[in-house]
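# Remarks on the overall topology
One-letter residues, chain by chain:
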Amino acid sequence: MISPASHASVPDSAMVGTGLGGCPAALGARDPLGVLDLFSDDFVRDPYPWLAALRSESPVHHDAATGLWLVSRYDDVRRVLLDAAVFHPDNTLRAVTPLPVAVLRVLARAGFTLPPALANNGTPSHAGLRRVVTRFFNAERVTAAVPMIRRVAEELLDRARSELDATSRCELFTSFAQVLPCRVLMELLGIDGVAPATLIRWSDASLELFWGRPALERQLELAESVGEFHQWLTDTVRGGTASPSSFIGALARHRLPGGEPLDAETAVAACFFVFIAGQSTTGQLLATVLQRGLTEPGLWQRVARQTGLAEAWVEEVLRREPPVTTWRRITARATEVGGVSLPEGAPLLLMLQGSGSDPEIFPDPERMRPHRTNIRHHLAFGVGRHRCPGASLARTEAAVALRAAADRLPEVRLEQGGTESPVLDLLSFRAPLRVTVLR
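Let me sum up the structure you'll find in this document. (Residues numbered from 1 in each chain as written. Predicted model: local features only at pLDDT ≥ 70, side-chain atom pairs only at ≥ 80, totals over all residues. Heavy atoms only, no water.)

### Some details on the packing of aromatic side chains
By the definition in use, this model includes 11 aromatic pairs. A centroid spacing of 5.8 Å and a plane angle of 80° characterise the contact between Phe-112 and Phe-272, whose relative ring orientation is edge-to-face. Taken together, the positions of Phe-112 in the loop between helix H4 (101-109) and helix H5 (125-137) and Phe-272 in helix H12 (residues 264-295) put the pair 160 residues apart, joining distant regions of the chain. Phe-272 sits in the buried class, given a relative accessible area of 3%. Counting every residue linked through ring pairs, the aromatic cluster contains Phe-112, Trp-202, Phe-210, Phe-229, Trp-232, Phe-272 and Phe-275. Over the face of the ring belonging to Phe-362 we find Arg-319, whose NZ or CZ atom lies 5.7 Å from the ring centre. Lying across the ring of Tyr-48, Arg-320 places its NZ or CZ 3.7 Å from the centre. (Phe/Tyr/Trp six-rings, centres within 6.5 Å; stacked < 30°, edge-to-face > 60°. Helix = DSSP H or I, 4+ residues; strand = E, 2+ residues; numbered from the N terminus. Buried < 20%, exposed > 50% of the residue type's maximum accessible area, 1.4 Å probe, protein only. Lys NZ or Arg CZ within 6 Å of the ring centre and 35° of its normal.)

### With respect to the pairing of strand E5 (residues 326-331)
The two faces of the sheet receive side chains in turn, since in a regular strand these alternate between them. The buried fraction of E5 amounts to six of the six residues, a majority that puts the element mostly inside the structure. Here E5 shows two buried faces, one formed by Thr-326, Arg-328 and Ile-330 and the other by Trp-327, Arg-329 and Thr-331. Pairing geometry for strand E3 (residues 87-88) and E5, over two bridges, is antiparallel. Within the sheet, the bridge partner assigned to His-88 lies in E5 and is Ile-330. In this structure, E5 lies alongside strand E8 (residues 347-351), joined through five bridges in antiparallel fashion. Among the inter-strand pairings, Trp-327 is bridged to a residue of E8, identified as Leu-350. (Pairing = 2+ DSSP bridges.)

### Considering the packing of helix H9 (residues 196-211) against H12
Between H9 and H12, whose axes approach to 9 Å, the crossing angle comes to 90°. When the axis of H9 is compared with that of H12, the two are roughly perpendicular. On H12, the residues that touch Leu-199, Ile-200, Ser-203, Asp-204, Ser-206, Leu-207 and Phe-210 of H9 are Phe-272, Phe-275, Ile-276, Gln-279, Ser-280 and Gln-284. Within the contact of H9 with H12, the residues separate by chemical class into seven nonpolar, five polar and one charged. (Axes fitted to C-alpha atoms, helices over the stretch in contact; angles between N-to-C directions. Parallel < 35°, antiparallel > 145°, perpendicular 65-115°, else oblique. Contact = heavy atoms within 4.5 Å. Nonpolar A, V, L, I, M, F, W, Y, C, P; charged D, E, K, R; others polar.)

Here it is as C-alpha cells:
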C-alpha cells in the first residue's frame, strides 16, 4: 500500500551556501553532487547537468537527504527493471514525504488502502491483473480508438480556437493536454457518473500527496481529495452496477491464481493506479510534446503534413523529457549495481530521464533527433514485467494531439517573457503546468 516513507524528506536548507545556483558544471568542489537536491528549483528547471554529473561521477549515488540510491546509467537502470527477483517493486507507491498522523487519520476515515495490484505488485497475482489491463490498451483497441481520440481532440481544439479568436491567447495545458487523456480514458474504460474535471483533480492530488513535498496544511487538503477519490472507487467497485464490458466489470470477473474472486480492495487499487497513469501522466506527456513542438524551429509547420513526424517527435520527447522521470525499486537481498555493493532493503531511485540522455546509448543526447535509429530504446515506459501497459495508448494520444493542434492552430506561437512557466516538481513526475499560446 502507499505508506509513509521511512526516509526523511529533503530539508529546505539543502541548497544553502552553494553560492553557484547548484549547477554541478559550475562547481569546482571535489564532491559536486554533495549539494544535490532532487526537489530544488535548479534541479527541477534544468536537471540535465545534474544527471550528466551523476552518470559520470557517481552512477550509483547515495543521496543522504532522501536515503535513496540514485541509479543513472542506462544499462544499470535497464538491468534493475528486468531483474524482478532481486529488485522488488514494493516501495514504488510509498509516500516520498512522511505522512503525519493527522493526514493518516483523514485517509483512514475514507477507508484508504492500496494493497499490491499493479506497479507495486511483485506477487503471483500481478500477471493476471496485468492481463486485464492490457486487454483494454492493446494495439487493436488503441487503433480502433484513434477516430474517437481525434474527435475529442478536435472538439477541445475548436474551443481553444474560439478563445484565440476572442482574446488572441489560450492556455493549452488545462484546456487540452489535461482534458484529452481523461476523456479518452473514460470512454475506453467505460467510466461514467463523474465529471472529467473531478477525476483530474483527484488524480493530481494523489500525485502531489505521495510524490511531492507538501507542507502539513497542504497535505491535509490533498488527503481529503485522495480520500474522496478512493471512496468513489470503492463505491463504484462494490456497487455492482458497472457494465460487464467496462474495466471495473472485467475486474469483477477476474480470478486470482488460486481461483478465488478478486477482492474489492485490490480491484480499487488497480483502478487507482490505472486512472492516474492513464490521465495525469499522459496529460503531462502531451504538455511537454506541445511545448517542445512549439519551440523546435520549423516543426509546428511540418508536423501536421509530414507522415510519421508526430510519432517520431513523441519518441524523442519520451527519451529526453519523459513525464515519469524516476521510478523506485528495493533490493530483495544484498547485491551489486554498477560496481557498488548494496545491502538488502536498499531503496533505489531509477533515473529514467537520465538514462534517456546517456551518450553511450544515444549519441548527441541533447539534440532532438526524431529519426534516431534506436529511437524506441528509451526506458520512459520501463521494461520487463512492469512495463507500462498503456504505452501504446499514450504514444498514440500524444501523436494525435500534436498533429491535431498543429493542424487546427497553425499560426500560434508559445508565449515568451514574463515570469517563468510553472513546472510540475514531484519526485517522479516533471512537466510544464502551463502551455500558453498567442496568435
